[in-house]
Amino acid sequence: MSESGHSQPGLYGIERRRRWKEPGSGGPQNLSGPGGRERDYIAPWERERRDASEETSTSVMQKTPIILSKPPAERSKQPPPPTAPAAPPAPAPLEKPIVLMKPREEGKGPVAVTGASTPEGTAPPPPAAPAPPKGEKEGQRPTQPVYQIQNRGMGTAAPAAMDPVVGQAKLLPPERMKHSIKLVDDQMNWCDSAIEVPTGPSLPELPHVLHPLILHPFLHLLYLLDQTDVLVVGVLGLQGTGKSMVMSLLSANTPEEDQRAYVFRAQSAEMKERGGNQTSGIDFFITQERIVFLDTQPILSPSILDHLINNDRKLPPEYNLPHTYVEMQSLQIAAFLFTVCHVVIVVQDWFTDLSLYRFLQTAEMVKPSTPSPSHESSSSSGSDEGTEYYPHLVFLQNKARREDFCPRKLRQMHLMIDQLMAHSHLRYKGTLSMLQCNVFPGLPPDFLDSEVNLFLVPFMDSEAESENPPRAGPSSSPLFSLLPGYRGHPSFQSLVSKLRSQVMSMARPQLSHTILTEKNWFHYAARIWDGVKKSSALAEYSRLLA
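Figured I'd write up the structure that's included with this text.

Rules and cut-offs
Residues numbered from 1 in each chain as written. Predicted model: local features only at pLDDT ≥ 70, side-chain atom pairs only at ≥ 80, totals over all residues. Heavy atoms only, no water. Axes fitted to C-alpha atoms, helices over the stretch in contact; angles between N-to-C directions. Helix = DSSP H or I, 4+ residues; strand = E, 2+ residues; numbered from the N terminus. Parallel < 35°, antiparallel > 145°, perpendicular 65-115°, else oblique. Contact = heavy atoms within 4.5 Å. Nonpolar A, V, L, I, M, F, W, Y, C, P; charged D, E, K, R; others polar. 1 Å grid on protein atoms, 1.4 Å probe; cavity = no way out; pocket = protein on both sides within 12 Å on 5 of 7 lines; lining within 4 Å. Points joined across faces, edges and corners; volume = space filled by probe spheres on them. Phe/Tyr/Trp six-rings, centres within 6.5 Å; stacked < 30°, edge-to-face > 60°. Buried < 20%, exposed > 50% of the residue type's maximum accessible area, 1.4 Å probe, protein only. Pairing = 2+ DSSP bridges. Expected span 1.5 Å × (residues − 1).

Observations regarding the packing of helix H6 (residues 243-251) against helix H15 (residues 492-504)
Where H6 contacts H15, the axes come no closer than 9 Å and their chain directions differ by 75°. Taken together, H6 and H15 sit at an angle that is classed as roughly perpendicular. Where H6 abuts H15, its residues Met245, Leu249 and Leu250 lie against Phe492, Val496, Leu499, Arg500 and Met504. The class makeup of the residues in the contact of H6 with H15 is seven nonpolar, no polar and one charged.

And the structure:
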């Protein structure tokens, strides 16, 4: 207790000491406690002891620590802590887990898996290792895959619900085309809508759940697929040579069918009488064997020129004369086919027109430049063939006569074509042979010194004669009167079948430096057509023609 009679020395603590040290002008103050007792003097040692006790009391009152501890008796009974905590026994998994391995991308750490589900009671997967520092060189440590453990039916989130229409469309087989589709119209404009939204007679027969209005965003998926095993075959020829008929027989039709049901509409009798052309622009058709056929309008067509002159059609501003416009249209189509096709068939109905070969060489000259698929061949050899892509060129002699199948005449035809195309980079030899498909069984394989890709097809009307073949004369032996007459060549149907097998078995090289799927080919062809129309080489050639 303090001298003033109070049991709490810190009650007046610091303020009381300040008043004692700083007396007022009227002398020492009277600091009396509740008992009224007056204080006169305190010894120095007593003052220091009292100050220390008052400071301790003040600090204790400001913040009092609380210590939680067990009594010593209970503390001695507690067992020592174990060295490692024992993991609880994991329950047996209901099903066998699936381990998914993801390779680590180059220059990045392992991909962290956030959506992996772990069975109950199992420890979560360890965190991904940090990426190596920048100073560390690549290749010092092997690439470590990331494992994702996923259990079937245990804590997995349900996948997002797929649209049933989209799901059923993906499960459908490739749609079979029944008619050709316009790829380039008569105004030489690219038709994007032709592939995306088929209309008219080419509209496919869809199930009732796959209505065309519902499938409008992805109708182009019906015909073109995401696969790379595709062969593109184009055709060139003068007017009336039978290009559409040949392409229909190679793609989907047979000679016994009505020509009005062909996928590429052939020239009607009325059109022949008027001297007009049936096909305008470029028509597109793809078979179930994933072979694309491109039928084109006739090159250097007099009917198109007559239509331009008599109907007063306005020419594009870059062309001044109608015949220049017709020739440039033909060159654009030929240069386009030489770039986007694996095989180009040149159809002619008589042998031969020298202007046709001059036209082919001009189209090859103005052909768009395309990168070579094999860079090694271009670097090793300095020839121009290694830096450009050139398709296979097949010469089809349609409406061939009996004397055209004579071996001597056949050798002359091969020799002339080889001399006319000697300076061409087009692959016009070495990929098709009539000798190898047993059309001439009596000729040895080395009968032709320079065999080119030439194939002969007789008149299709000769099939009607096979039903009632000419008989031998009545003066001959009765045995010979029962035999059919000599035709000098196999039947039209067998020759078309052999031609189809030869064309479909041709090599399918890359059209560009990348491998193209069917859908990629369509966009690549659209880009090539736009480049052909804007070609500076064609523009310069057109200026020279004018």
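Notes on empty space enclosed by the protein
The full count for this structure, using the stated rule, is four cavities of 30 Å³ or more. Here the second largest cavity is characterised by a volume of approximately 60 Å³. Secondary structure elements with two or more residues in the lining of the second largest cavity: H6, strand E8 (392-400) and H15. Examining the composition of the lining of the second largest cavity, we find that four residues originate from one element, H6, more than from any other.

Quick notes on the packing of aromatic side chains
All chains considered together, the criterion is met by eight aromatic pairs. On the basis of an interplanar angle of 85° and a centroid distance of 5.4 Å, the ring pair of phenylalanine 336 and tryptophan 529 is categorised as edge-to-face. Note that phenylalanine 336 is positioned in helix H9 (residues 322-340) and tryptophan 529 in helix H16 (residues 518-533), a separation of 193 residues in sequence. The same class applies to phenylalanine 336 as to tryptophan 529, namely buried. Within the aromatic cluster, the residues linked to one another by ring pairs are Trp190, Phe336, Phe522 and Trp529.

Observations concerning the sheet that holds E8
Ordered by their spatial adjacency, seven strands build an open sheet running E3-E5-E6-E4-E7-E8-E9, and the pairing between neighbours is mixed. At either end of the open sheet lies a strand with only one pairing partner, and these are strand E3 (181-184) and strand E9 (454-458). Each adjacent strand pair in this sheet contributes to an overall mean axis angle of 25°, direction not counted. Of the pairings in the sheet, the one linking strand E4 (residues 231-237) to strand E7 (residues 343-348) comprises five bridges and is parallel in character. In the strand pairing of E7, glycine 234 is matched with valine 344. Here H9 sits on the sheet in contact with E4, strand E5 (282-286), strand E6 (291-296), E7 and E8, set at roughly 155° to E4. Contacting E4, E6, E8 and E9, H15 crosses the sheet at an angle of about 155° to E9.

What to know about H9
A rise of 1.5 Å per residue sets the reference length of H9, with its 19 residues, at 27 Å; its end C-alpha atoms lie 27 Å apart and thus fit the reference within 8%. Counting buried positions along H9 yields 16 of 19 residues, so the element is predominantly enclosed.

Some words on the side chain of serine 301
Structurally, the position occupied by serine 301 is in the loop between E6 and helix H8 (302-310). Relative accessible area serves as the criterion here: at 1%, serine 301 is assigned to the buried category. Apart from the residues within four sequence positions on either side, serine 301 is in contact with Gln239, Asn277 and Val326.

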